[in-house]
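Architecture and fold: a report
Read off the chains here:
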Amino acid sequence: MKIISFYTNEKQLIKKSASGNREAQQHLYEKYAPKMLGVCRQYIKDIHFAEDVMVNGFVKVFKHLDSFRFDGSFEGWIRRIMVRESISHLRKRQFVVYDDSIYERTSLESTPSSSELDVAHIQNLIDALPEGYRAVFVLFAIEGYSHTEIAEMLSISEGTSRSQLFKSRKMLKEKLKQQNIIGYGTE
């Protein structure tokens, strides 16, 4: 028996989902959940919390689906919701700490030495950053937000955002040097 997808057109799938069609919603969820879990995982170290945040994010996606105007990328729209949900989770759990002394107290986890940087290795390096550093680093370096936007999202000053980014990059660079990985973050 051959299974044929009823939703070949993403716009049609979104409209059906917005009207409450559970099958269409399930299809959207299955299509975007793996990528969005990756987005949440960048901010939240614990995979179980990241999954919870992603599910809550999808609840918001489906609740506000009728507000999507097809002006830009649907995946980008979902991604912004997941980023905001992740930051909201960090705030609620009070994991985001913007403390200059944390740099001195925190050491990055050691990882197997390798001259290749794969996605898992990079994620481990980012996970080892203190929560506040990681949030600013991911928002700036991965998501592409400006310091003004980051400051507003995290309720911090632009200067704090810049400082946290500088310190997170410095920590990552030191770890890469410790692992003798040449060519990444060199001066």
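Residues numbered from 1 in each chain as written. Predicted model: local features only at pLDDT ≥ 70, side-chain atom pairs only at ≥ 80, totals over all residues. Heavy atoms only, no water.

Quick look at the pattern of salt bridges
A side chain of one charge can pair with a side chain of the opposite charge when the charged atoms of the two come close. What counts here: Any carboxyl oxygen of Asp or Glu that lies within 4 Å of a side-chain nitrogen of Lys or Arg is treated as forming a salt bridge with it. The helix and strand labels rest on DSSP assignments: H or I over at least four residues marks a helix, E over at least two residues marks a strand, and numbering proceeds from the N terminus. Burial here depends on accessible area, computed with a 1.4 Å probe over protein chains only, as a share of the maximum for the residue type. Under 20% is buried, over 50% is exposed, and the range in between is partly exposed.
The tally for this structure, following the rule as stated, stands at seven salt bridges. One salt bridge in this structure joins R134 and E131, with 2.3 Å as the shortest N-O distance. Here R134 pairs with E131, and both are found in helix α7 (residues 131–142), just three residues apart, close to one helical turn. On the basis of relative accessible area, R134 is assigned to the buried category, the value being 0%. Residue R162 is joined to E158 by a salt bridge in which the shortest nitrogen-to-oxygen separation is 3.7 Å. With a gap of four residues between them, R162 and E158 both fall in helix α9 (residues 158–178), about one helical turn apart. According to the relative accessible area criterion, R162 is partly exposed, its value standing at 47%. Its relative accessible area of 33% is what places E158 among the partly exposed residues.

A short note on helix α4 (residues 74–92)
Stated precisely, the cut-off is as follows: Take the residue count of a helix, subtract one, and multiply by 1.5 Å to get its expected span. Contact definition: two residues touch when any of their heavy atoms are within 4.5 Å. Identification of polar contacts relies on pairs of N or O atoms within 3.5 Å, with a donor-acceptor requirement for protein atoms, meaning one able to donate a hydrogen and the other able to accept it, and with residues adjacent in sequence counted only if both atoms are side-chain atoms.
Here α4 is 19 residues long and its end C-alpha atoms lie 27 Å apart, about the 27 Å a rise of 1.5 Å per residue gives. The complete set of buried residues in α4 reads F74, W77, I78, I81, M82, V83, E85, S86, I87, H89 and L90. Those residues of α4 that are buried are in contact with α1 (10–18), α2 (22–43), α3 (47–63), α7 and α8 (147–154). Capping of α4 at its N-terminal end is provided by S73; its side-chain oxygen lies 3.3 Å from the backbone amide nitrogen of E75.

A few points about helix α6 (residues 119–127)
Within α6, burial applies to H121, Q123, L125, I126 and D127. Elements that come into contact with the buried residues of α6 comprise α2, α7 and α9.

A word on the environment of Y133
Examined against the element boundaries, Y133 turns out to sit in helix α7. As a C-alpha pair, Y133 and M171 span 38 residues in sequence and 9.5 Å in three-dimensional space.

Some details on the packing of α2 against α4
As a reminder of what qualifies: Here an axis means a line fitted to C-alpha atoms, over the contact stretch when the element is a helix, while the angle between two N-to-C directions is reported on a 0 to 180 degree scale. An angle below 35 degrees is read as roughly parallel, one above 145 as roughly antiparallel, one from 65 to 115 as roughly perpendicular, and any other as oblique. Crossing handedness is defined as follows: a turn of the near helix away from the far one that is anticlockwise and smaller than a right angle gives a left-handed crossing, while the clockwise case is right-handed. Three categories are distinguished: nonpolar for Ala, Val, Leu, Ile, Met, Phe, Trp, Tyr, Cys and Pro, charged for Asp, Glu, Lys and Arg, and polar for the others, with Gly belonging to the last.
With their axes 9 Å apart at the nearest point, α2 and α4 run at an angle of 40° to one another. Regarding the angle of α2 to α4, the classification is oblique. The interaxial crossing formed by α2 with α4 has right-handed handedness. For the pair α2 and α4, contact is made by L28, Y32, K35, M36, V39, C40, Q42 and Y43 and by F74, E75, I78, R79, M82, V83, S86 and L90, respectively. Its residues placed into classes, the contact of α2 with α4 shows eleven nonpolar, two polar and three charged.

What about unusual backbone geometry?
Of note, F70 is a non-glycine position whose phi angle comes to about 60°, a positive value. Tracing the sequence through the fold places F70 in the loop between α3 and α4. By relative accessible area, F70 is classed as partly exposed at 31%. With phi around 55°, S155 is a residue other than glycine that occupies positive phi space. You can see S155 is positioned in the loop between α8 and α9.

Quick word on the nonpolar core
The line we're drawing: In these notes, a set of buried Ala, Val, Leu, Ile, Met, Phe, Trp, Tyr and Cys residues joined through side-chain atoms within 4.5 Å is what counts as a nonpolar core.
Membership of the largest hydrophobic core comes to 45 residues, with the highest contact counts inside it found for F74, M82 and L139. Those elements that place two or more of their residues in this core are α1, α2, α3, α4, α6, α7, α8 and α9. Discounting residues that sit within four places of it in the chain, M82 has contacts with M36, V39, C40, M54, G57, F58 and V61.

Describing the packing of α4 against α7
Working note: a packed helix pair is described by the angle between its axes plus the distance between those axes. In contact at an axis separation of 11 Å, α4 and α7 are set at 165° when each is read in the N-to-C sense. It follows from the interaxial angle that α4 and α7 lie roughly antiparallel. Our pair here, α4 against α7, has a crossing hand that is left-handed. Every residue of α7 that contacts α4 at R79, V83, I87 and L90 is listed here: E131, A135, L139 and I142. Its residues assigned to classes, the contact of α4 with α7 shows six nonpolar, no polar and two charged.

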